[in-house]
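What follows is the residue order along each chain.
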Amino acid sequence: MCINLMCQWIHRYIENITYATSTDTLHHGPFYSICQALFYVFAFRNKEIFESRKGRKFAKKLGLQTIVTCRLNPLRVCLPTVVKTFSSVTRMHQLAFCDTIIERNSRNFLPIVSANTSCPSRLSLVNALDSFFPFDPYLLSR
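As the structure is a computational prediction, the values presented were derived from the model and not from experiment. (Residues numbered from 1 in each chain as written. Predicted model: local features only at pLDDT ≥ 70, side-chain atom pairs only at ≥ 80, totals over all residues. Heavy atoms only, no water.)

1. Side note on the pattern of salt bridges
Scanning the entire structure with this criterion turns up three salt bridges. Arg45 serves as the salt-bridge partner of Glu48, at 3.0 Å between the closest nitrogen and oxygen. For the salt bridge of Arg91 with Asp99, the shortest nitrogen-to-oxygen distance reads 2.8 Å. When its relative accessible area of 39% is taken as the criterion, Asp99 is described as partly exposed. (Salt bridge = Lys/Arg side-chain N within 4 Å of Asp/Glu carboxyl O. Buried < 20%, exposed > 50% of the residue type's maximum accessible area, 1.4 Å probe, protein only.)

2. Overview of the packing of aromatic side chains
Evaluation of the coordinates by the stated rule reveals seven aromatic pairs. Judged by centre distance (5.3 Å) and plane angle (20°), the ring pair of Tyr13 and Phe31 falls under stacked. One end of the pair, Tyr13, is in helix H1 (residues 2-16); the other, Phe31, is in helix H2 (residues 25-44), with 18 residues separating them in the sequence. Both residues of the pair, Tyr13 and Phe31, count as buried. Ring geometry for Phe42 against Phe86: centres 6.3 Å apart, planes inclined by 90°, an arrangement best described as edge-to-face. Placement of Phe42 in helix H2 and of Phe86 in helix H7 (residues 80-92) is noted, with a sequence separation of 44 residues between them. The same class applies to Phe42 as to Phe86, namely buried. Put simply, the rings of Trp9, Tyr13, Phe31 and Tyr32 touch in pairs and so form one group of aromatic residues. (Phe/Tyr/Trp six-rings, centres within 6.5 Å; stacked < 30°, edge-to-face > 60°. Helix = DSSP H or I, 4+ residues; strand = E, 2+ residues; numbered from the N terminus.)

Right, here's the structure in full:
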């Protein structure tokens, strides 16, 4: 299952990172992208995961608490809607407890700076992960 592969990659990344002391989307972009994808799957496809006992056991083995408490702080960088929904799902199933981290993150503003291509000397604040799910708000007719 791809969820397992994502979690394995995330855990290896966390174990191998030695120089990270804070969130840095420029250097750790793939890490945050994979974390957001994992959080997204748990947030919006949790019924499929938890409908069987095997799914519950599988989810408990993923080590989600380790991921959300690592020093790279993926809950700070990922989209707020995804983080909020992921937090309530993992709390409900007792897999990870994110509320304290989310509260602490809300007290600290995270500016993500990117160079403006039209004027390189000006810097603008951009959330790098906003564009990862561009079609989320659209409801498609069946």
